[in-house]
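Breakdown of the fold
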Amino acid sequence: MKTRRRKVTISLGLFGCVLVTLIAILGPRAENTTDPVKEAYQGFQEGKCKSCHPAIWREWENSMHAKAWVDEIYQEIANQIEDRETKCDGCHAPQPILITGIGEMPKLRNGQREAGVSCLVCHLDAEGAMHGPQASAETYFHANVTNLIYTAPTTLCSTCHGQPTVPEHDQVSSFLNSKFAEEHQSCATCHMPVVKRLQSTASYESIKGRKHTWRGSRSVAQLRRAATLRLEITPEKTSVKLQSKTGHILPGGTLRTIILEVKLLSPEGIERQTEQISISDKARNRLLPSEERTYIFDTLPSATGDTLTVRLLYQLTPKTPKSEWIVMAEKNHVVP
Ligand code: HEC
Ligand code: HEC
Ligand code: HEC
Ligand code: HEC
Ligand code: HEC
């Protein structure tokens, strides 16, 4: 009864009336059956979501959400966990979270695991309706339900990125204590940029939506926005100021390492000296949002014409070879 009443209040206009009637007819049945859910799974498998939402599908398909199960890095590490089905898989191939409960620990799905965090995981409810920010057109295939969680700063995301019992995958707590939260930004501000496009092939006009790309640590552009470097050089010492520009703890994931590298090169390019500092969960020195840190290096034995190169490098996993580290920021200084 409770869920029915909620639906009536949040669904819109004419469609709301149709839904009320439908629920009145199908209600008792819908509550005891998973038919509409099964149909949604089948539609997903048969490419129906893709055919009506081609633009959003292409964005999602290339995202880490689509790869959350097939991801080799995930599979390799999860295979070492004895009880992976209960401890790990539930978030990497989850049941729809509107069904298991927003904020509740997600549960492992039986089928379609290779689809990872699929459209259905974030949008499908127990009656087969699609919840979203607000639809501008209707479709016979599914009901549309306007739900405020899609535009809330962290509610949807924190179901997986902020579970209190899984601190190793938590970007939400540090975000909530940051200036970004105070400025009414959201996870979507940085990870789902606003785009105007046809939301479906049945829509009449392009309206504002958000890109389903979730670019994170695999995006060089995103990594270049993550932090800034400043150099202050006096005859006595070299100070390197590192400031985080990321909306949460940096690096965001516990597998990642950021390396601050300071190198002194002779005019011929010969390395005189190199120092490296690692920033990671393992080293217990990740940066909080907006945090600025100063690293001081005693004057390196330099001569006129030498170049001091300071770089911030990103290592995806402990196995990533140096040749694949990404340069996040770089500053050079030629000794006068
Ligand atoms: C509460 C949901 C949740 C649970 C439970 C969970 N994960 Fe994750 N996992 C995530 C999220 C969200 C990310 C992405 C953000 C991050 O890396 O923190 C992620 C990312 C990862 C990554 C990084 C993949 C890459 O491509 O770099 C690995 C590895 C991983 N998880 C392994 C595990 C293992 C092993 C377990 C079980 C011990 C587990 N996860 C349990 C939600 C979860
Ligand atoms: C027959 C075409 C069609 C199919 C098939 C279809 N959709 Fe839709 N969908 C639409 C239309 C039309 C809208 C409204 C678009 C608009 O507002 O411009 C919509 C809206 C949505 C919304 C937004 C709801 C809201 O209230 O904001 C979501 C989420 C959604 N669809 C997901 C899916 C998923 C997932 C599938 C596959 C299971 C799917 N759709 C299959 C046509 C379709
Ligand atoms: C149902 C669980 C779930 C929900 C809800 C969820 N995510 Fe994720 N997310 C994951 C998992 C699992 C991964 C890790 C995939 C992997 O690397 O294997 C991930 C990865 C990511 C990544 C990392 C991409 C990269 O390059 O490393 C970003 C960014 C992200 N999610 C943002 C969001 C945002 C923003 C929201 C809210 C709109 C959200 N997620 C909602 C489970 C979820
Ligand atoms: C990790 C959760 C997540 C996944 C997975 C996901 N969406 Fe969304 N979707 C959202 C959020 C959050 C919004 C609200 C964005 C906004 O504020 O406009 C949204 C909005 C939409 C909208 C409304 C138009 C727009 O761009 O805002 C449609 C339609 C939609 N999603 C369809 C899909 C389809 C189809 C898939 C699979 C191909 C999918 N979504 C996968 C979280 C998700
Ligand atoms: C001000 C911009 C900003 C905001 C707001 C923001 N992020 Fe990020 N996020 C970034 C940047 C930059 C990176 C790349 C650096 C990194 O990996 O930490 C990133 C990386 C990530 C990653 C990948 C981490 C990894 O190790 O692979 C995940 C997951 C993620 N963000 C989730 C979220 C979630 C969930 C929220 C909301 C609580 C959020 N982000 C809010 C900028 C932001």
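Bear in mind that the values here come from a model prediction, so they are computed numbers and not experimental data.

**Examining the site of ligand 5**
Around ligand 5 sit 24 residues in total, of which Cys187, Cys190, His191, Ser217 and His248 are the nearest. Ser217 places a polar side-chain atom, nitrogen or oxygen, 2.5 Å from an oxygen atom of ligand 5. With respect to ligand 5, the backbone of Gly252 contributes an N or O atom lying 2.8 Å from an oxygen atom. Elements that contribute at least two residues to the shell around ligand 5 include exactly helix H12 (172–176), helix H14 (187–191) and helix H15 (220–224). With three residues, H14 is the single largest residue contributor to the shell around ligand 5. Looking at side-chain class alone, the shell around ligand 5 contains 10 nonpolar, 12 polar and two charged residues. A domain split of the shell around ligand 5 shows at least three residues from each of domain 1 (2–210) and domain 2 (220–334).

**Some thoughts on the nonpolar core**
Within soluble globular proteins, side chains that are nonpolar tend to cluster in buried spots. In terms of nonpolar packing, the biggest core is built from 22 residues, with Leu229, Val240, Leu242 and Leu312 touching the most fellow members. When contributions to this core are tallied by element, the ones reaching two or more residues are strand S5 (227–233), strand S6 (237–244), strand S7 (257–265), strand S9 (292–298), strand S10 (307–315) and strand S11 (326–334). With sequence-adjacent residues up to four places away left out, Leu229 is seen in contact with Val240, Lys241, Leu242, Leu260, Val310, Arg311, Leu312, Ala329, Glu330 and Lys331.

**Focus on the coordination of the iron atom of ligand 5**
Each protein donor to the iron atom of ligand 5 is listed here as His191 (NE2) and His248 (NE2); together their distances run 2.0 Å. The exposure class assigned to His248 is buried, which follows from its relative accessible area of 16%.

**Structural notes on the pattern of salt bridges**
In total, this model carries 12 salt bridges according to the counting rule given. The partner of Glu76 in a salt bridge is Lys319, and the shortest N-O contact between them spans 2.6 Å. Remark: Lys319 occurs in the loop between S10 and S11 and Glu76 occurs in helix H6 (residues 72–78); sequence separation between them is 243 residues. The structure contains a network of salt bridges with shared partners spanning Arg230, Glu232 and Glu292.

**Let's talk about the site of ligand 1**
Contacts to ligand 1 come from 21 residues, most closely from Asp71, Cys88, Cys91, His92 and His169. With respect to ligand 1, the side chain of Asp71 contributes an N or O atom lying 2.5 Å from an oxygen atom. Within the contact set of ligand 1, an oxygen atom lies 2.6 Å away from a side-chain nitrogen or oxygen of Arg218. Where the shell around ligand 1 is concerned, the elements lending two or more residues are H6, helix H8 (89–92) and helix H11 (158–161). The element best represented in the shell around ligand 1 is H6, accounting for four residues.

**Considering the packing of aromatic side chains**
Inspection of every chain in the model, using the stated rule, returns four aromatic pairs. With a centroid separation of 5.3 Å and 45 degrees between ring planes, the pair formed by Phe44 and Trp57 is classed as tilted. You can see Phe44 sitting in helix H3 (residues 35–45) and its partner Trp57 sitting in helix H5 (residues 54–61), a full 13 residues away along the chain. With a relative accessible area of 12%, Trp57 lands in the buried category. Taken together, the aromatic side chains of Phe44, Trp57 and Trp60 make up a single cluster linked through ring pairs.

**Let's talk about the confidence of the model for the chain**
On average, residues of the chain score 90 in pLDDT, and 89% of them are at 70 or above. Scored below 50 in pLDDT, residues 1–33 shows 28 contacts in the model against residues more than four places distant or in partner chains.

**Some words on the side chain of Ser178**
Tracing the sequence through the fold places Ser178 in the loop between H12 and helix H13 (179–182). There is a polar contact of 3.1 Å between the side chain of Ser178 and the backbone nitrogen of Phe180. Those residues in contact with Ser178 that sit more than four places away from it in its chain are Gly247 and Pro289.

**What to know about the sheet that holds S6**
Spatial strand order, S5-S6-S9: three strands in an open sheet with antiparallel pairing. On the outer flanks of this sheet lie S5 and S9, each paired with one strand and no other. Looking at each pair of strands side by side, their axes are set apart by 20 degrees on average, direction ignored. By the bridge criterion, seven bridges tie S5 to S6 in an arrangement that is antiparallel. When the sheet's bridge partners are listed, Leu229 is paired in S6 with Leu242.

**A short note on the side chain of Ser219**
Position of Ser219 among the secondary structure elements: in the loop between strand S4 (207–210) and H15. Owing to a relative accessible area of 10%, Ser219 belongs among the buried residues under this scheme.

**Brief notes about the environment of Val117**
For Val117, the location among the structural elements is in the loop between helix H9 (97–100) and helix H10 (119–123). Beyond its immediate sequence surroundings of up to four residues, Val117 is in contact with Trp60, His65, Ala66, Ala68, Cys91, His92, Pro94 and Cys122.

Cut-offs applied
- Residues numbered from 1 in each chain as written.
- Chains lettered and ligands numbered in written order.
- Predicted model: local features only at pLDDT ≥ 70, side-chain atom pairs only at ≥ 80, totals over all residues.
- Heavy atoms only, no water.
- Near = heavy atom within 4 Å.
- Polar contact = N/O pair within 3.5 Å; in protein donor to acceptor, adjacent residues only side chain to side chain.
- Helix = DSSP H or I, 4+ residues; strand = E, 2+ residues; numbered from the N terminus.
- Nonpolar A, V, L, I, M, F, W, Y, C, P; charged D, E, K, R; others polar.
- Domains from an automatic or database assignment.
- Core = buried A, V, L, I, M, F, W, Y, C linked by side-chain atoms within 4.5 Å.
- Buried < 20%, exposed > 50% of the residue type's maximum accessible area, 1.4 Å probe, protein only.
- Contact = heavy atoms within 4.5 Å.
- Donors = N, O, S within 2.8 Å, 3.2 Å for Na, K, Ca; no water.
- Salt bridge = Lys/Arg side-chain N within 4 Å of Asp/Glu carboxyl O.
- Phe/Tyr/Trp six-rings, centres within 6.5 Å; stacked < 30°, edge-to-face > 60°.
- pLDDT = per-residue confidence, 0-100.
- Pairing = 2+ DSSP bridges.
- Axes fitted to C-alpha atoms, helices over the stretch in contact; angles between N-to-C directions.

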